[in-house]
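# Structure at a glance
The residues making up each chain are set out below.
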Amino acid sequence: MIRMKIISLPPFLYFYQKIFLIKILLISFALLLFSCSGNRSDPTIRSQELEAVQKYYNFSKSDSFIPTENKKWINKALLLASKLKVDTMIDKILYQKNRLHLELREYDSLVFYDKYLIKQAKKVDDMLIFAYQNYLMGYYYEKIVGIPDSAFVRYSRSKTYFQQLNDSIWIGKNLLNMANIQQTQSDFFGSKETLTEALQYLDEENKNDIASVFSTLGTNYRKLYNYQDAEEYFLKAIDLTESDENRLGIKNNQAVNYLDNGEFTRAAKLLKEIVEDSLLNIKSSQYARVLDNLAYALWLSDKPINKETFLKPLNLRKQANDKRGMLSSYTHLGEFYSKTEPQRA
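Report follows, based on the coordinates. (Residues numbered from 1 in each chain as written. Predicted model: local features only at pLDDT ≥ 70, side-chain atom pairs only at ≥ 80, totals over all residues. Heavy atoms only, no water.)

A side chain of one charge can pair with a side chain of the opposite charge when the charged atoms of the two come close. Within this structure, the stated rule accounts for ten salt bridges. Here lysine 83 ties to glutamate 49 by a salt bridge, and the two come within 3.8 Å at their closest N and O atoms. Of this pair, lysine 83 sits in helix α3 (residues 67–84) while glutamate 49 sits in helix α2 (residues 43–60), and the two are 34 residues apart along the sequence. Residue glutamate 49 is classed as buried on the basis of its relative accessible area of 17%. Shared partners join several salt bridges into a network, and the residues in it are Glu231, Glu263 and Arg266. (Salt bridge = Lys/Arg side-chain N within 4 Å of Asp/Glu carboxyl O. Helix = DSSP H or I, 4+ residues; strand = E, 2+ residues; numbered from the N terminus. Buried < 20%, exposed > 50% of the residue type's maximum accessible area, 1.4 Å probe, protein only.)

Okay, structure coming up:
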């Protein structure tokens, strides 16, 4: 058998061999990157990915899914849109994501993505998204965490953006919310001025909003001891509203106006009508409010009632964690005890 003799290479040739192999690897890697980037810039592939973003976004708004599933879809949309760097789509995706966080009571995430959206929207100066997002956060600060100053600022910003968009309806809605905040802060004159401005933007198609303006004006006049004007505005609101629930709430406000004006029997009669109305939701905060006012009206009318009449709406408010309602109940109950059980008052 013939043996082959292996000839070893000189050391300096090994060095050039390694250099050659490294060059081959670098060229192969570069070709691979070019191939990938070429696919990503392919108009067909990008179009398909954009369609996928829109599909995920639409799914996130669909009633066919529960909110937690909607959130999964919007997260997929955000991930792909961020990868594609489509700023105009990212804005509306972030707004939808914030709406879902609010609905799911994920308030920490809402506050975080609110800041993210504002920063993102500035890239394309998306005034519509700015307007809606500020309105959303106004609701959060007013209704959820009870920070009226922050709520007022966000509603005011939303109003400003809608003014730039010439959207009169949303300008009016923001002004109505701002007026409600002014009222809760006992700025009744300021609230009246804001409501007067709101009426300039709302038209006949916005009957429920106009009815809310009239009802809030009625409460402002009541707080200013002008019971006659208050009654006129409450009656206007009752006639105009298209919402049965709102109509019952306005009637309750009208009854409180009678109470403040010393018309106890008239107030009790109206409140009984509201309680007996089949449209009144017995699980609502409004039900507890009407029951408490009825108990107070009956007691002021010298009707024979016991403490349970006051305790029932108080317990309902405790169950609902209605702090403002509980304060009202305790006030009425305290007055009741001051006459019947002075030692407990």
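Moving on from the model shown.
Phi at tyrosine 225 takes a positive value of approximately 65°, unusual for a residue other than glycine. We classify tyrosine 225 as exposed; its relative accessible area is 64%. Positive phi, normally seen in glycine, also occurs at aspartate 302, with a value near 65°.

Time to look at the packing of aromatic side chains. How two aromatic rings sit relative to each other is given by the distance of their centres and the angle of their planes. Overall, the coordinates contain 21 aromatic pairs when judged by the stated rule. Between tyrosine 135 and tryptophan 170 the ring centres are 4.8 Å apart and the planes differ by 90°, which places this aromatic pair in the edge-to-face class. Taken together, the residues tyrosine 135 in helix α6 (residues 127–144) and tryptophan 170 in helix α8 (residues 168–184) connect sequence positions 35 residues apart. Seen in terms of ring centroids, phenylalanine 162 and tryptophan 170 are 5.4 Å apart; in terms of plane orientation they differ by 15°. Their pairing is stacked. Judged by its relative accessible area of 22%, tryptophan 170 falls in the partly exposed class. Put simply, the rings of Tyr95, Tyr132, Tyr135, Tyr155, Phe162 and Trp170 touch in pairs and so form one group of aromatic residues. One cation-aromatic arrangement involves lysine 92 over tyrosine 57; the distance from NZ or CZ to the ring centre is 4.6 Å. (Phe/Tyr/Trp six-rings, centres within 6.5 Å; stacked < 30°, edge-to-face > 60°. Lys NZ or Arg CZ within 6 Å of the ring centre and 35° of its normal.)

What follows is about a nonpolar patch on the surface. A surface patch of nonpolar side chains, amounting to about 300 Å² of accessible area, comprises Tyr139, Ile144, Val145 and Ile147. For isoleucine 147, a relative accessible area of 36% puts it in the partly exposed group. (Patch = residues over 30% accessible without salt bridge, like charges linked within 9 Å, V, L, I, M, F, W, Y side chains within 5 Å. Areas by Shrake-Rupley, 256 points an atom, 1.4 Å probe, with all protein chains shown as cover.)

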